[in-house]
Amino acid sequence: MLKQFLIPFLLLVSSVGVFGQGKFIAKNAYISFYSSTPMEDIFGESNEAVTILDSENGEIIFQGIMTTFHFKRALMEEHFNENYMESTKFPKTKFKGKIEGFTKDMLKAPVANIKITGVLNVHGVDKTITVPGTLGLQDGKLVAGSKFKVIPEDYGITIPSLVRDKIGKEMEVTVKVNYVPFAQ
Amino acid sequence: MKRLYTIFAGLILVFFSGNLYSQDLDALMNAETKPTIDYATATFKASRIINGHSIEQMKKKQLDFRISHRFGTLNNGAYGLYGLDQSVIHFSLEYGIKDWLMLGVGRGSYNKTYDSFAKFRLLRQSSGSKVMPISVSYLSSVELNSLKFDTTPIQTSSTTTTPRINYFSSRLTYVNQLLIARKFNENFSLQLTPTYIHRNFVKTELDPNDIFAMGIGARYKLSKRLSLNAEYYYTYNPNNKFTDTKYYNSASVGIDIETGGHVFQIMLTNSQGMREGTFIPQTTDNWFDKGIHLGFNISRVFAFN
């Protein structure tokens, strides 16, 4: 009789434990993008991106809220949200992917190069990308980073000919993360 | 039977936990996403709707250099190049001290006026975790008319005169406005502007020192970089007791064109003054009687951070 309840109970407890277990999170991940032309440099950054890494299978997810990106020039920030990203319609950017050839040892080794393949959603458009990155322990903490290029036009972001000379064809995206174990 | 039940229950739980495990990251992300306060931005393109102030103001450490022209009336015809031969100019420097406070100084050729203003943001329209349906700002401005004083002696009777005494304070006009705006959607914004103007010195004793007016302004976005604007100021107590000078409400339509760091505003208006103390109480041209002026504002923003 006891067994009859005990087994499901144990399973229930273990299933709850699985939720969130073996995961790493960062709630203030850094994302910036940069383009340089002779006319103007464009630079925006956010310290408020959220990312979760699943240590079981190497899945990784990012989410950034467009209005958390800040620029030196207030007008640039307004144009970024109003004219290019259309932040009211598409408030978030997301990435969900998997670390290629993931093993749990990667999380215990010093920082090493990795490759991540996944779907990047910007401006409501999904695109599968493979980007280089780094992952590993630095001073006993799990850190990750990446630097890659995106082309605004790939995500349906149109740049009028009038300002074409001021905005680079490619944006260099930089990501820096300090992960901490996920706590319920 | 009991054992079967146990296994079955166990399987369901295993299945359930496995399910949690794969939907995991998205669900976790949603759980970790904090609700945000979404402030309405770019209710208008520039700090002016057309002649009057909009709810917009310079953010901290941003400087706006504005140059405006209003030309003569269009009915000057080809001889006066439709008013372009005569132009009234105004330029100003406007700076964001804080995100909620902007100060500006300017000079206009209409009545040779110097002006200064302060715009305070009181409320910001927002949605999300904090809901505020409107944005409200307060504008306070002082205008100084620097035209040469009339020094002709005052005729007290057919033979006697007394010297005219002029005071500096006679040059000053004070403007107080409450800017109440709402961005209804991506394209449409509306603003109400209750206005109180005090003029220290007026032309005749029939002219009121205190002027009360209500402004209404709107913009409709035609595309990401082009918007259609309209603005109307209704004056409650204009002085229309004389037949030779009649004062009209200021009415304007215009478009805003945005080109990166500049905003061009091109308009048709019946007012030639470009500050509240002139275009609200002193508009003497009439849209329906050859009184339309072409004009433009150019705004160039510099960042100091």
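Since the model is a prediction, treat every value here as computed from it, not as a measurement.

### So, the overall build of chain B
No. 1: Within chain B, the secondary structure is distributed over two helices and 16 strands.
No. 2: Relative to its length of 305 residues, chain B is extended, with a C-alpha radius of gyration of 28 Å against a globular reference of 19 Å.
No. 3: Dimensions along the principal axes, computed over C-alpha positions, put chain B at roughly 130 × 40 × 40 Å.
No. 4: Sequence separation of at least 24 residues holds for 59% of the intrachain contacts in chain B that already meet a minimum separation of 6.

### Digging into the overall build of chain A
No. 1: The helix and strand tally for chain A stands at two helices and eight strands.
No. 2: Starting at the N terminus and ending at the C terminus, chain A contains elements arranged as α-β-β-β-α-β-β-β-β-β.
No. 3: Counting the 184 residues in chain A, one finds 27% classified as buried.

### Some words on the domain arrangement of chain B
No. 1: Parsing chain B into structural domains produces domain 1 (1-33) and domain 2 (37-147 + 167-303).
No. 2: Domain 1 of chain B and domain 2 of chain B are separated by 63 Å when their C-alpha centres are compared.

### Details of the pairing of strand β4 (residues 101-108) of chain B
All names here are of chain B.
No. 1: Of the two faces of β4, only one is covered, namely that formed by M102, G104, G106 and G108; the face formed by L101, L103, V105 and R107 stays uncovered.
No. 2: The pairing of strand β3 (residues 87-98) with β4 spans eight bridges and is classified as antiparallel. Paired with Y95 across the two strands is L103, which belongs to β4.
No. 3: A loop of two residues connects β3 with β4, the two strands running antiparallel in sequence.
No. 4: Sheet topology note: the β4/strand β5 (residues 113-123) ladder contains eight bridges and is antiparallel. Directly across from M102, in β5, lies its bridge partner K119.
No. 5: Where β4 folds back on β5, the antiparallel hairpin that results is connected by four residues, among which N111 adopts a positive phi of roughly 60 degrees.

### Observations regarding the sheet that holds β4(B)
All names here are of chain B.
No. 1: Taken together, 12 strands build a closed barrel; the order of strands is β2-β3-β4-β5-β7-β10-β11-β12-β13-β14-β15-β16 and the barrel is antiparallel. The mean angle between the axes of side-by-side strands here comes to 20 degrees, regardless of whether they run parallel or antiparallel.
No. 2: Where strand β10 (residues 172-183) and strand β11 (residues 188-199) come together, nine bridges link them in antiparallel fashion. Across the sheet, R182 pairs through a bridge with L190, a residue of β11.

### Here's the deal with the environment of A:D54
No. 1: Within the secondary structure, A:D54 sits in strand β2 (residues 41-54).
No. 2: For the pair formed by A:D54 and A:G22, sequence separation is 32 residues and the distance between their alpha carbons is 6.4 Å.

### Overview of the nonpolar core
No. 1: Ranked by internal contacts, the top residues of the largest apolar core, which has 24 residues, are A:A29, A:I99, A:V177 and A:Y179.
No. 2: Elements that contribute at least two residues to this core include exactly β1 (23-36), β2, β3 (59-65), β4 (92-99), β5 (112-122), β7 (141-150) and β8 (171-181) of chain A.
No. 3: Those residues within four positions of A:I99 in sequence are excluded, and the remaining contacts are A:G58, A:I60, A:I114, A:I116 and A:L135.
No. 4: Counting residues in hydrophobic clusters, the runner-up holds 11 residues, among them B:A46, B:F117, B:A181 and B:M267.

### Some remarks on helix α2 (residues 74-84) of chain A
No. 1: Regarding α2(A), the residues found buried are A:A74, A:L75, A:M76, A:H79 and A:F80.
No. 2: Where the residues of α2(A) are buried, they touch β2 of chain A together with β2 (62-73) and β16 (293-303) of chain B.
No. 3: After α2(A) finishes, the residue A:E86 shows a positive phi value of roughly 50 degrees.

### Details of the confidence of the model for chain B
Residue and element names in this part refer to chain B.
No. 1: Mean pLDDT over chain B works out to 90, with 92% of the residues at or above the 70 mark.
No. 2: In the predicted structure, residues 18-22 sits below a pLDDT of 50 and forms four contacts with residues beyond four places in sequence or in another chain.
No. 3: For this predicted complex, the interface score ipTM comes out at 0.75, alongside a pTM of 0.83.

Conventions used here
- Residue numbers restart at each chain and count upward from 1, following the sequence in its written direction.
- Each chain is given a letter, starting from A, and each ligand a number, starting from 1, according to the order in which they appear as written.
- Thresholds applied to this predicted model are a pLDDT of at least 70 for local features of residues and 80 or more for the giving and counting of side-chain atom pairs; totals over whole chains, interfaces and linings are not thresholded and use all residues.
- Put simply, DSSP H or I for four residues or longer makes a helix, DSSP E for two residues or longer makes a strand, and each gets a number counted from the N terminus.
- In this description the radius of gyration comes from C-alpha coordinates, and the expected globular size is given by 2.2 Å times residues to the power 0.38.
- By definition, residue pairs are in contact when their C-beta atoms, positioned from the backbone, come within 7 Å.
- The burial label depends on the number of other C-beta atoms within 10 Å of a residue's C-beta. Counts of 20 or more mean buried, 12 or fewer mean exposed, and intermediate counts mean partly exposed, with C-beta atoms placed from the backbone.
- How far each domain reaches was decided by an automatic or database domain assignment.
- One requirement defines pairing of two strands: DSSP has to find at least two bridges between them.
- Between N-to-C directions, angles span 0 to 180 degrees; the directions come from axes that are lines fitted to C-alpha atoms, helices contributing only their stretch in contact.
- Defined on buried residues, the nonpolar core groups Ala, Val, Leu, Ile, Met, Phe, Trp, Tyr and Cys residues joined through C-beta atoms within 7 Å.
- pLDDT measures the predictor's confidence residue by residue and takes values from 0 up to 100.

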